[in-house]
Amino acid sequence: MSKIGVFICHCGENISATVDCARVAQAAAEMEGVAYATDYKYMCSEPGQQLIRQAIREHNLDGVVVGSCSPRMHEPTFRRACAEAGLNPYLCEIANLREHCSWVHEKGEATTQKAIDIVQGLVEKVRRNQPLTPIRVPVTKKALVIGGGIAGIQAALDIANCGHRVILVEKEPSIGGHMAQLSETFPTLDCSQCILTPRMVEVAQHPNITLYTYAEVESVEGFIGNFKATIRLKAKSVDEKKCTGCGLCTTKCPNKKIPGEFNEGLGTRTAIYVPFPQAVPNKPVIDKEHCNYYQKGKCRVCEKFCPTGAITFDQPDQFITEEVGAIVVTTGFRVLPTSFFPEYGYGRYKDVITGIQFERLASASGPTMGEIRRPSDGTVPKKVVFIACCGSRDPAKGIPYCSKICCMYTAKHAMLYQHKVHDGESTVFYMDIRAGGKNYEEFVRRAIEEDKVNYVRGRVARVYERADGKLVVRGVDTLLGAQQVEIEADMVVLATAGVANPGAEELAQKLHISYDPYHFFAEAHPKLRPVETNTAGIYLAGACQAPKDIPETVATASGAAAKVVSLLSQDDLVREPLVAVVNRCAPPVYSTCVGCFLCQTACPYQAIEREEIKDRQGRVIKTVAKVNPGLCQGCGTCVSFCRSKAIDIQGYSNEQMYAEVNALLNHE
Amino acid sequence: MMTENSHTPSPAERLKACSGVDVQLCYQCGKCTAGCAMAPEMDLPPSFLVRLLQTGSPAAYRRVLESRSIWLCVGCEQCIGRCPKEVDIPRLIDCLRSEAQKEGCVSPEASDIIKFHKSFLGSVKRNGRLGELDLVVEYKLRTLHLFQDVDVAPGMLAKGKLPLIPERIKGKREIDEIFKKSNA
Ligand SMILES: Cc1cc2nc3c(=O)[nH]c(=O)nc-3n(C[C@H](O)[C@H](O)[C@H](O)COP(=O)(O)OP(=O)(O)OC[C@H]3O[C@@H](n4cnc5c(N)ncnc54)[C@H](O)[C@@H]3O)c2cc1C
Ligand code: SF4
Ligand code: SF4
């Protein structure tokens, strides 16, 4: 026989204006299992809580129902009060008499009766409640950051500066990402490398950061606070301990004509290479696909010249595992190549380039040393046309979304061009100018007003090469009543759409995080949880979520780092015990689970594992499902899938829920 | 009270029902106009025409019906091939043409074009396929442009581009059937 206390709150007049609270308390006192019932004006106030504590002690209550506002509001308050009086807090339940009753009904008999019914339902539930204890999960105080662009660099530094260890994994031979390729950055025109490279060096030298370049995450297991990541270290064919980074090998390698990734194909590199002079780490790797020795079995020139004997051919890939408590994904994005655009020449015209190629032309470290020279013949183009929205906002053939950064970088490109080629003419074809950011609108206006960039509102239908070899851009000026415009151009720059990395989907599946239809990683909530994923302990930052500029990338990176730091600063994670459990009972049944594992396929959080029940000799008698309480989010999907009713959510068991609903329905 | 049946569709609704095209999809980028071979000749370039339709105003609609543009379109489909929003302008124009004829507001500058279309179809109706000379004769009779372009005729004749007796096709009966079904 249970001894439940019922406490009806007036909530000032929020409840008592339409519900007769005293009557509800009286009716509750009559309910089966109720030992004590009362009402009070403000139950959440200190005297109200004291009333509850006192009643628990005096009447030896073994369950409490508080009829008050929503449990979202004061469930923690009342459960704490109960705990202070020595009652297990999970034996306290809230009957929502405010949002579910008094606020939504007129004053009257029926309203009071509904309040009584709600209380009755909760009383029936509490009679079946079990004491529960919060789950404690230990936390591994180390973070894994995947992707070493500015987002990954910022997140790694922020976490490391708070005293936690960080593993930074970058798939290319150097960290830096796209920002390392940029010339100057909007809206301030500061040199990208000048602000980035000090941070790259800081990463390499930070005592709390372990950097793995030329590496990729192979698999991830585990859950928040307790992940285990397997990382593949691709063979660099260079012993990093011996290599001093003198670069002699890169000058001697006979294979000199390989289009360099860092210069977006506008420059060449050797088979043994450092992607760019400021690379971190500044040590070469051998690109096996282009190396004479790996491809044809002959050469080894680098080995002959290397003064420290650092070249190690036939080095295998290495696999290491790292245990970490949190993961930040910062794998960035890429832009569509010019070959994506048939109407702009399928990438066949050498002088039709992408924005990121223009960055390389404008960059002091680029193939032209920062002089704007067109790729075909190295001359300085006198007329340049910039085309915005190439592939963006194009649901028919490209992507429907706006790539967000192109309006700004196109204005920057036109401006940089005008600064470098004083007698040059630049035209920008645009649809809208999206310059929403601090000092962004002013920046675009400066391009138009001070640098005399010619902005034409309209899309370009075609770029073609005339018989004399000149490029012709055929667009429209929609502000002139849709008049066709034809411009001869020496060079055309396409602001091609920002899209997800090719491997994004695969990585999301490895990490069990969600992604959107365009393979950008999905936030747990687009507004309120913008750097979290649906998987606890895994966070996002930067352009892997959607195209972002540097300020936004860095802001999300620091945001994700703050989340990680707050997680790693705890020794244990304390979680509500409202998780699924698979029942256990005496042999010969052991559990009503039949081992069909439907629940395993249904669980959105990969929380269901297999457990073998063994006899004393160690023979497996039965394989049943087992819920990992660290991963379970208590969503209850498995419960509805289980055909043998073997799973229940603690605190919300089928029995409890049926009792509550029946109590509500049985009333005439 | 207005009932379902008493609702007379607005011109915009009629156009949508006829063409299946939602003009509101267009965001006025102008790529259609930029690529249109006829745009320089048009009084309302394609994107401008779509914008007028978007307004839903009767005056704008009238302006479109009366335009020369809807008769100048050669149906090459360059516009829809490039349109990021897949707005099928040629289909719209087909509907607009028949609407303009129904409303009796065909641009006076379009009369030759319509005569050409009629002559073209007349020839196909007679022969089951186009007879070049047949077409020319009918067109000239309809328009009375008797001497226009005659200078090119000898060259074409010599190259066999203007056969004197139109070729007939085997499936003439099926073609007749098509004409009957489409009431032409
Ligand atoms: C042409 C152009 C001009 C721009 N100009 C400006 C500007 O002037 N100002 C401005 O604010 N912004 C500018 N931007 C935007 C800027 O480049 C981005 O905001 C920034 O690069 C985003 O950083 P990120 O670290 O999120 O991504 P990225 O720079 O893309 O870095 C991602 C990193 O992750 C690595 N990686 C990817 N996949 C994996 C994997 N599976 N495992 C391990 N590592 C992986 C990549 O190799 C890379 O190093 C410009 C962008 C472009 C395209
Ligand atoms: S062995 Fe390969 S990397 Fe070394 S020098 Fe020859 S081609 Fe270059
Ligand atoms: S191309 Fe399509 S979206 Fe662009 S103006 Fe023409 S109809 Fe509108």
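Scroll up to find the structure this text is about.
To keep things clear, this report deals only with the structure shown in the data block. (Residues numbered from 1 in each chain as written. Chains lettered and ligands numbered in written order. Predicted model: local features only at pLDDT ≥ 70, side-chain atom pairs only at ≥ 80, totals over all residues. Heavy atoms only, no water.)

1. Looking at the overall build of chain A
In terms of helices and strands, chain A carries 18 helices and 34 strands. Taken over the C-alpha trace, chain A has a radius of gyration of 33 Å; the compact-globule value for 668 residues is 26 Å, which it surpasses by more than 25%. The dimensions of chain A, computed from C-alpha atoms along their principal axes, are 100 × 75 × 40 Å. Buried positions account for 53% of the 668 residues belonging to chain A. Partitioning the intrachain contacts of chain A with sequence separation of at least 6 by distance along the chain shows that 68% fall at a separation of at least 24. If you sum the accessible surface of chain A, you get close to 29800 Å²; carbon and sulfur atoms cover 51% of it. Side-chain charges of chain A comprise 75 positive and 74 negative groups, with the mean position of each set lying 6 Å from the other. (Helix = DSSP H or I, 4+ residues; strand = E, 2+ residues; numbered from the N terminus. Rg over C-alpha atoms; globule rule 2.2 N^0.38 Å. Buried < 20%, exposed > 50% of the residue type's maximum accessible area, 1.4 Å probe, protein only. Contact = heavy atoms within 4.5 Å. Areas by Shrake-Rupley, 256 points an atom, 1.4 Å probe, with all protein chains shown as cover. Lys, Arg positive; Asp, Glu negative; His and termini not counted. Charge placed at Lys NZ, Arg CZ, Asp CG, Glu CD.)

2. Brief notes about the sheet that holds strand 3 (residues 63–68) of chain A
Residue and element names in this part refer to chain A. An order of 2-1-3-4 is seen for the four strands of this open sheet, with the pairing classed as parallel. Edge strands, defined here as strands with exactly one partner in the open sheet, are strand 2 (34–40) and strand 4 (92–96). Between one strand axis and the next, the sheet turns by 15° as a mean value, whatever way the strands run. Sheet topology note: the strand 1 (residues 4–9)/strand 2 ladder contains six bridges and is parallel. (Pairing = 2+ DSSP bridges. Axes fitted to C-alpha atoms, helices over the stretch in contact; angles between N-to-C directions.)

3. As for the nonpolar core
All names here are of chain A. Grouped together as the largest cluster of nonpolar side chains are 87 residues, with contacts concentrated most on L144, I327, I387 and V463. Here this core takes eight residues from helix 12 (residues 406–420), the largest share from any one element. In terms of domain composition, this core takes at least three residues from each of domain 2 (142–234 + 317–333 + 500–568) and domain 4 (334–499). Among all residues touching I327, those that are not within four sequence positions of it are L144, I146, V220, F227, L511, G537, I538 and Y539. With 64 residues, the next largest nonpolar core counts A279, V280, A560 and F597 among its residues. (Core = buried A, V, L, I, M, F, W, Y, C linked by side-chain atoms within 4.5 Å. Domains from an automatic or database assignment.)

4. Remarks on the site of ligand 2
All names here are of chain A. Around ligand 2, a shell composed of 13 residues is seen, among which C253, C291, N292, C299 and C302 lie nearest. Elements supplying a minimum of two residues to the shell around ligand 2: helix 9 (292–296) and helix 10 (301–305). Partitioned by chemical class, the residues of the shell around ligand 2 number eleven nonpolar, one polar and one charged. (Near = heavy atom within 4 Å. Nonpolar A, V, L, I, M, F, W, Y, C, P; charged D, E, K, R; others polar.)

5. Description of the packing of helix 6 (residues 150–161) of chain A against helix 7 (residues 192–205) of chain A
Residues and elements named next belong to chain A. Two elements in contact, helix 6 and helix 7, have axes separated by 10 Å at closest approach and are oriented at 50°. Classified by the angle between their axes, helix 6 and helix 7 sit oblique to one another. The element helix 6 and its partner helix 7 pack so that their crossing is left-handed. Counted together, I150, I153, Q154, L157 and N161 of helix 6 and L196, R199, M200, E202 and V203 of helix 7 form the full contact between these two elements. For the contact of helix 6 with helix 7, the class distribution of residues is six nonpolar, two polar and two charged. (Parallel < 35°, antiparallel > 145°, perpendicular 65-115°, else oblique. Left-handed = near helix turned anticlockwise from the far one by under 90°.)

6. Quick look at the state of the cysteines
Taken as a whole, this structure holds two disulfides over all chains when the rule is applied. Across the disulfide from A:C191 sits A:C194; the S-S distance is 2.3 Å. Across the S-S bond linking A:C191 and A:C194, the dihedral sits near 85°, which makes this disulfide right-handed. Take A:C191: its relative accessible area is 27%, and that puts it in the partly exposed class. Across a sulfur-sulfur distance of 2.0 Å, B:C18 and B:C95 are joined as a disulfide pair. Here the S-S torsion is close to -90°, and the disulfide linking B:C18 with B:C95 is therefore left-handed. Placement of the pair is B:C18 in helix 1 (residues 11–19) and B:C95 in helix 7 (residues 89–103), with a sequence separation of 77 residues. The class for B:C18 is partly exposed, based on a relative accessible area of 43%. When its relative accessible area of 8% is taken as the criterion, B:C95 is described as buried. Of the cysteine sulfurs around A:C585, a residue in no disulfide, the closest is that of A:C593, at 11 Å. The closest cysteine sulfur to the non-disulfide-bonded A:C642 is located on A:C596, 6.4 Å from its own sulfur. (Disulfide = S-S within 2.5 Å.)

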